[in-house]
Amino acid sequence: MRISRRALATAAVLATVLPLSACGGSDSGSSDASGKVEGKITFQTWNLKAEFKDYFNGVIADFEKKNPGTEVEWVDRPAEGYADKISADAAGGTLPDVVNVSPDLVAPLAKAGLALDLDKEASEYRKEYLDGAWKSHQIPGTEGTFAFPWYLNTGPVFYNKKLFKDAGLDPEKPPKTYDDVFEAGTEMAKNSKGKVAALANVPAIEDFGRYGVPLMNKEGTGFAFNDAKGVELLTRYKKLYDAEGLDAQALTATPESAGHKFLTQSVAMNPGSALDLANFKKDAPSLYKNIGITDQISSTGKANMYVMGVMVNSQTKQKPAAVAFAHFVTDKTRQMQFAKQVAVFPSTEGSLDDPYFTKQDGTDETKVRIAAAESLKTAENYTPVLFSEQMKVELKNQVAKALQGKQSPKAALDNAVKTCDRLLKQS
Amino acid sequence: MKTPTAIRATAADLPAEGASPPPPRRRSPRGIRRQLPTSPWLFAAPGLLVIGAFILYPFLSTLVNAFTDKRTLIPGEFVGLDNFRELLHDDMFWIGLRNSTLYVLGVVPALVLLPLLLALLVQKHIPGITFFRSAFYTPVVASIVVVGLIWVWMLDDRGLVNAVLEAVGVGKVGFLSDQWLLLFSAMGVTVWKGLGYYMIIYLAALANVPRELHEAAAVDGAGAVRRFLTVTVPAVRSTMVLVGALASVAAFKVFSEVYLMAGPSGGPAGEDTTLVMLVQRVGTGLTGRVGYASAISVVVFVVTVALMLLVLRADRKEDA
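Since the structure is predicted, the reported quantities are computational estimates derived from the model, not experimental observations.

Peer 1: Any chance you could explain the overall build of chain B here in plain terms?
Peer 2: Within chain B one finds 15 helices and zero strands. When the 320 residues of chain B are sorted by exposure, 36% land in the buried category. Taking as baseline every contact in chain B between residues at least 6 positions apart, the subset at least 24 positions apart corresponds to 70%.

Shown next, in the form of structure tokens:
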């Protein structure tokens, strides 16, 4: 009797390692965005303090100087678990006043009424930003825009010229479209007897977008990537996988592991950003000697872009100061300053025409920057804002089943769409 | 033993001179009874508060949430057994249950037996044995993330293990691309990391086995294997049960090793997902389904309790 009671108590304690925190209530906001800019606000960034401490301290000091009576407390959160941290804060009613977000993070916060609608509260700023960037924080089925667009990012595809040459391919003619990729990948696998794969990743939602597959229906109420074009893309990936043109560990790959495969020269191509060049130079000099840079693979002629935003918490008690600061961080001057600190691109109107993004100086870094800035003019954010992390995992797992031959590409995509639609309704 | 309160009470009640002797008194004056019930609680209060806030409340909260459709940002409504009904039709839940159960079946026997053999090896007092004891214990103190990454590098297609296998003519083995090999590789890491911990527990138990028993068995002609089976094993049987119980619970709740080696998607097509990985996947993030994840947590709890009771019941039967 004594033992089993102890056992039960132990099991009870052990079982509680899986606590799931409760949602908290929140107070309503108190002020109008057009009031006096004053008071103390909190600003949260996403893994930026380690590299850009001086830059952000400068921005905050400038804002406080321009708006006497304001005080900005800056908090920075690590990249790992950032969404979970925001979830906990949102649920506990401790969400900072101004928060660095991506569109997929904004969507649930907006649905829960925690993101300020800028079309209502700060519409005068809209004209300062690129139209596509402003729209990137709009949620299908919900009226409004829920974050200031901040920096944009896109990147080229890096390829290993030596591996191309060894496989009998012309290193000066890298693939540009998916047709080229499938052809080159099959050839490379055949010539290297399966030792070198073209790619380290299975197709993600952005690949479907760049292949020209409609991702959602027109109303934004359901996913549509299981149409004929989507099935065609997955069927072609299956052929590439069977020919060993995809890395053997592609089914479980993450962006980090795929990057590692490229670094160790076991895959020939990998998408990246201008930031990666410095890493290649430092960590893999032999790869750097053979590095080739080309545009993103796209059959639509448009590159994929990633958008960062700055959201204002609708429950903030200092709404004028929070809106003013969110705008200050993302205005043309600050965005240009930030773009010169790190390889990102401003989302403000006209900034991409600055000589910094148009004038060559002969270095690889500038070449990548100019090419990326050029592609951003027509780029699209191919990740639907309503496509959650769990949906990404569902799609990846269904794609893996198709590649393994456990089900047909059509059935895999039908299942993925069915599950994603269910998750969309439940969100 | 008298407390100061008891002494005061006795002095105040001293009878006047010449008065008739008072009736015999109970040993527990009322003052003591009044004080005692609160004092232990006051001493225990800090611990109880911590347990209440960080264990009991989350546990009860999880139980309640399991019967709601709560999301991360949306308070839930009572949905009865809907979450549990959905579990029955969720393929990923059955995959998780299968993998967690396989993990128990694969890891527990190894963690009950191998550390005992290791403890027998390092129990001997020979020069330099402390080095080996420390070496075997090192994986226990190493971070699971670091350990996981090291094993991922070693088991990679181009890692150390595959290089050796290719060199000896076996050829490449897809440790990290085949669903079963991946699960078994993760089990191997769990066993490797846990060996030292359970070895220490066994070392303590072996120190209590009387040497005379071994000597008597040896005199009777028992060899090393016979002495192990008839002397050592019965003497440390209760420790083996303890190790079995601890390892079963830990194995059923496995997360880190599989997550690190199979990736967030749970291996190829999610086939290596465990139940706790599923809880993490569906219950976290801004769109997390807290109610459904809680229902899975409740299943984990029930199975965990059942595993403990099973092991302890087996132990009692042996005792009888």
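Still more to cover.
Peer 1: I would appreciate a short explanation of the overall build of chain A in the present structure.
Peer 2: Per the secondary structure count, chain A includes 18 helices and eight strands. On C-alpha atoms alone, chain A measures out to a radius of gyration of 24 Å, which is about the 22 Å that the 2.2 N^0.38 rule sets for 427 residues. Along the first, second and third principal axes, the C-alpha atoms of chain A reach 80 × 70 × 45 Å. The buried share among the 427 residues of chain A stands at 48%. Considering only contacts within chain A whose residues lie at least 6 apart along the sequence, 76% involve residues at least 24 apart.

Peer 1: Can you help me understand the UniProt feature "transmembrane region" (unreviewed entry) in chain B in this one?
Peer 2: Residues and elements named next belong to chain B. UniProt annotation of "transmembrane region" (unreviewed entry) refers to residues 40–60, 102–122, 134–154, 180–207, 228–252 and 290–312 when read in the numbering used here. End C-alpha atoms of residues 102–122 are separated by 30 Å, and the span's content is 100% helix alongside 0% strand. Annotated as 90% helix and 0% strand, the span residues 134–154 places its first and last C-alpha atoms 23 Å apart.

Peer 1: Explanation requested: the pairing of strand β4 (residues 148–153) of chain A in the structure shown.
Peer 2: In regular strands, side chains alternate between the two faces of the sheet. Residue and element names in this part refer to chain A. Burial runs high along β4: five of the six residues are buried. Sheet topology note: the β4/strand β8 (residues 306–312) ladder contains four bridges and is antiparallel. Its bridge partner being in β8, Leu-152 is matched across the sheet by Val-307.

Peer 1: What should I look at first to understand the domain arrangement of chain A in this one?
Peer 2: Interfaces are often sized by the amount of accessible area the parts lose when they come together. Residues and elements named next belong to chain A. Domains assigned within chain A are domain 1 (39–154 + 305–376) and domain 2 (157–303 + 382–426). One C-alpha centre belongs to domain 1, the other to domain 2, and the line joining them spans 29 Å. With 20 residues of domain 1 at the interface, the matching set in domain 2 holds 17 residues. Those elements that place two or more of their residues in the side of domain 1 that touches domain 2 are α4 (103–111) and α16 (364–376). Here the side of domain 1 that touches domain 2 takes eight residues from α16, the largest share from any one element. Considering only residue class, the side of domain 1 that touches domain 2 consists of eleven nonpolar, four polar and five charged.

Peer 1: I would appreciate a short explanation of the environment of A:Asp276 in the present structure.
Peer 2: All names here are of chain A. Here Asp-276 shows up in helix α12 (residues 274–283). Asp-276 sits in the buried class, given 21 other C-beta atoms within 10 Å. Through-space distance from the C-alpha of Asp-276 to that of Glu-389 is 24 Å; in sequence the pair is 113 residues apart.

Peer 1: In this structure, what is going on with the UniProt feature "domain: ABC transmembrane type-1" (unreviewed entry) in chain B? I would like to understand it.
Peer 2: In the numbering used here, UniProt assigns the "domain: ABC transmembrane type-1" (unreviewed entry) feature to residues 97–311 of chain B. The straight-line gap between the two end C-alpha atoms of residues 97–311 of chain B is 19 Å; of that span, 76% is helix and 0% is strand.

Peer 1: Would you mind showing me how to read unusual backbone geometry here?
Peer 2: In this model, A:Glu244 sits at a positive phi of 65°, which is unusual for a non-glycine residue. Accessibility expressed as a C-beta count within 10 Å gives 20 for A:Glu244, which makes it buried.

Peer 1: Can you walk me through the confidence of the model for chain A in this structure?
Peer 2: It should be kept in mind that the predicted coordinates are not to be read in detail where pLDDT is low. All names here are of chain A. The predicted model of chain A has a mean per-residue pLDDT of 88, with 92% of residues at 70 or higher. Every residue in residues 1–5 is under pLDDT 50, and counting partners more than four places away or in other chains gives three contacts. Note that pLDDT drops below 50 for residues 7–31; the model gives that stretch 61 contacts with residues more than four away or on any other chain.

Peer 1: Just to check I follow, could you spell out the sheet that holds strand β7 (residues 291–294) of chain A for this structure?
Peer 2: Backbone-to-backbone hydrogen bonds join strands into a sheet, with any given pair of strands oriented parallel or antiparallel. All names here are of chain A. In spatial order, the strands read β6-β5-β7; together these three strands make up an open sheet with antiparallel pairing. Where the open sheet ends on each side, the last strands, each with one partner, are β6 (269–271) and β7. On average, each strand axis in the sheet is tilted by 25° relative to the strand beside it, whichever way the strands run. The sheet contact formed by strand β5 (residues 157–160) and β7 spans four bridges and is antiparallel. Considered in β7, the bridge of Phe-158 is made with Ile-293.

Peer 1: Explain the interface of chain A and chain B here, please?
Peer 2: Facing the 46 residues of chain A at the interface are 48 residues of chain B. Secondary structure elements with two or more residues in the side of chain A that touches chain B: α1 (2–15), α3 (82–92), α4 and α17 (389–404) of chain A. When residues of the side of chain A that touches chain B are assigned to their parent elements, the largest contribution, ten residues, is made by α1(A).

Peer 1: Please explain the sheet that holds β4(A) as it appears in this structure.
Peer 2: Residue and element names in this part refer to chain A. Taken in spatial order, the five strands make up an open sheet running β2-β1-β3-β8-β4, and their pairing is mixed. Among the strands making up the open sheet, the edge pair consists of β2 (70–77) and β4. Recorded for the sheet is a direction-independent mean angle of 20° between the axes of neighbouring strands. Bridge count for strand β1 (residues 39–46) against strand β3 (residues 98–101) is two bridges, and the pairing is parallel. Among the inter-strand pairings, Phe-43 is bridged to a residue of β3, identified as Val-98.

Peer 1: Before we go on, may I ask you to explain the packing of helix α5 (residues 91–123) of chain B against helix α12 (residues 237–252) of chain B in this structure?
Peer 2: Each packed pair of helices is defined by two parameters, the angle between the axes and the distance between the axes. Residue and element names in this part refer to chain B. Interhelical geometry of α5 versus α12 gives an angle of 150° and a closest axis separation of 8 Å. It follows that α5 is roughly antiparallel to α12 by the angle criterion. Judged by the sense of rotation from one axis to the other, the crossing of α5 with α12 is right-handed. Of the residues in α12, those in contact with Ser-100, Tyr-103, Val-104, Val-107, Val-108, Leu-111 and Val-112 of α5 are Met-240, Val-243, Gly-244, Ala-247, Ser-248, Ala-251 and Phe-252. Its residues assigned to classes, the contact of α5 with α12 shows eleven nonpolar, three polar and no charged.

Rules used throughout
For every chain, the first residue of the written sequence is number 1, and numbering continues from 1 onward in sequence order. Chain labels run from A onward and ligand labels from 1 onward, assigned in the order the entries are written. Confidence filtering applies because this is a predicted model: local features only for residues at pLDDT of at least 70, side-chain atom pairs given and counted only at 80 or more, and all residues used for totals across whole chains, interfaces and linings. Numbering goes from the N terminus for both helices and strands, where a helix is a DSSP run of H or I of at least four residues and a strand is a run of E of at least two. To sort residues by exposure, count the other C-beta atoms lying within 10 Å of each residue's C-beta; 20 or more gives buried, 12 or fewer gives exposed, and values between give partly exposed, all with C-beta atoms placed from the backbone. Residue pairs qualify as contacts under a 7 Å threshold applied to their C-beta atoms, which are placed from the backbone. The globule rule used here is 2.2 Å times the number of residues to the 0.38 power, and the radius of gyration it is set against is calculated over C-alpha atoms. UniProt positions are given in the numbering used here, feature names are shortened, and annotations may be inferred rather than shown by experiment. Pairs of strands are assigned from DSSP output, requiring at least two bridges between the strands. An automatic or database domain assignment supplies the residue ranges for each domain. The residue classification treats Ala, Val, Leu, Ile, Met, Phe, Trp, Tyr, Cys and Pro as nonpolar and Asp, Glu, Lys and Arg as charged. All others, Gly included, are polar. How sure the predictor is of each residue is captured by pLDDT, a score from 0 to 100. The axes are straight lines fitted to the C-alpha atoms, using for helices just the contacting stretch, and the angles between their N-to-C directions are given from 0 to 180°. Under this scheme an angle from 65 to 115 degrees is roughly perpendicular, one under 35 degrees roughly parallel, and one over 145 degrees roughly antiparallel; angles in between are oblique. If you view the pair so one helix is near and one far, a crossing is left-handed when the near helix is turned anticlockwise from the far one by less than a right angle, and right-handed when it is turned clockwise.

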